[in-house]
Amino acid sequence: MCAVIGCYLRITLAGFHRYSTYRQAVLAGTATNIVFGLIKVGILSGVFLARDGASIGGYDLTTTITYVWLGQGLLGVVDLWSEDDLAERIRTGDIVVDLSRPWNLQTALLCTDLGRAGYSAIARFVPQLLLGAVFFPFRWPDDPMVAPTFVLSTALAVLVSFNMRFLLGLTTFWLLDSRGVRSLYGIAAPTLAGLEIPLSFFPGWAQHALSFTPFPSMLQFPINVFVQDGPVLATLAQQLLWALLLAATARLVLARAMHKVVVQGG
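Residues numbered from 1 in each chain as written. Predicted model: local features only at pLDDT ≥ 70, side-chain atom pairs only at ≥ 80, totals over all residues. Heavy atoms only, no water.

**Student:** Help me understand the overall build of the protein, please; the structure alone is not making it clear to me.
**Tutor:** Within the protein one finds 13 helices and zero strands. Of the regular secondary structure in the protein, the N- to C-terminal order runs α-α-α-α-α-α-α-α-α-α-α-α-α. What you see for the protein is a C-alpha radius of gyration of 19 Å, in line with the 18 Å of a compact globule of 266 residues. On the principal axes, the C-alpha backbone points of the protein span a range of 65 × 40 × 35 Å. Here the protein holds 266 residues, and 45% of them are scored as buried. Expressed as a percentage of contacts within the protein between residues at least 6 apart in sequence, the contacts between residues at least 24 apart total 81%. With an accessible surface of roughly 13,500 Å², the protein has 70% of that area assigned to carbon and sulfur atoms. Across the protein, the centroid of the 17 positively charged side chains sits 8 Å from that of the 15 negatively charged ones. (Helix = DSSP H or I, 4+ residues; strand = E, 2+ residues; numbered from the N terminus. Rg over C-alpha atoms; globule rule 2.2 N^0.38 Å. Buried < 20%, exposed > 50% of the residue type's maximum accessible area, 1.4 Å probe, protein only. Contact = heavy atoms within 4.5 Å. Areas by Shrake-Rupley, 256 points an atom, 1.4 Å probe, with all protein chains shown as cover. Lys, Arg positive; Asp, Glu negative; His and termini not counted. Charge placed at Lys NZ, Arg CZ, Asp CG, Glu CD.)

So, in structure tokens, the structure goes:
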């Protein structure tokens, strides 16, 4: 057991080192996120100005600006729409090599993604958070327990996002090319997760409908924890539930995919 855990820990560390080598890409991605953050701050500030500063869905201007920089920073950590190496390996047939290795493919890829998320938290989230806090009105939590709770919520968001992307990649076993499915997901997920505007800005019926989906768990819920909006335990419980459900579903789909490979003579 210790040897297995050590193996996956090394995979996580390798994922961290792998993504730390792409410094120019990280810098370019951070700069892009900052530009879009500035645009969003300008647009949302204009909305509040037009409303004479009246709050929207429980968000005042300071909380909304905090939301913007948290969302832009978390985008690199949670990773809603990265390139899917799994889909490409399935398409080319290289996945057979991965499936023959003495590991659990889902766990191994998750460890790699956790390493990526850890590096992105340092290289992308922290700089954008500090930029927002220094140059704009910013709402820091007044409870010291918010920080560890926010870290836990972000980790759960990464788990939910990974399993969603893993399931999308597995569709390549049947579709042979999952780019269409992933493109649709890439369009819908950011809005439904709360990247463009807080989900509390949505009509009540839309908020209620989204509460039955995993999308808020990937972005809006960690932000809610940071700005202390809503019950924390219920938020974490919903994130954990979606992480477990999606992980179990992904495991079942992977088992069916492995059976399909064997039947086809792979």
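**Student:** How should I be thinking about helix α9 (residues 179-193) in this particular structure?
**Tutor:** Along an α-helix, residues three or four apart share an orientation, since each turn contains 3.6 residues. With 15 residues, α9 should reach 21 Å at 1.5 Å per residue; the first-to-last C-alpha distance of 20 Å fits that figure. Against the buried residues of α9 lie α7 (146-170), α11 (215-218) and α12 (220-226). The positive-phi residue at the C-terminal boundary of α9 is G194, with phi of around 95°. (Expected span 1.5 Å × (residues − 1).)

**Student:** When you look at the pattern of salt bridges in this model, what are you seeing that I'm missing?
**Tutor:** Between side chains of opposite charge, pairing is possible as soon as their charged atoms come close. Applying the stated criterion across every chain yields a total of eight salt bridges. Where R91 meets E88, a salt bridge forms, and the shortest distance between an N and an O atom there is 2.7 Å. Of the two residues, R91 and E88 are both situated in helix α4 (residues 85-92); the distance of three residues between them amounts to about one turn of the helix. Here R179 ties to D177 by a salt bridge, and the two come within 2.6 Å at their closest N and O atoms. Overall, the relative accessible area of 54% leaves R179 in the exposed class. Through salt bridges with shared partners, a single ionic network connects D79, D113, R116 and R165. (Salt bridge = Lys/Arg side-chain N within 4 Å of Asp/Glu carboxyl O.)

The analysis is restricted to geometry; functional conclusions fall outside its scope.
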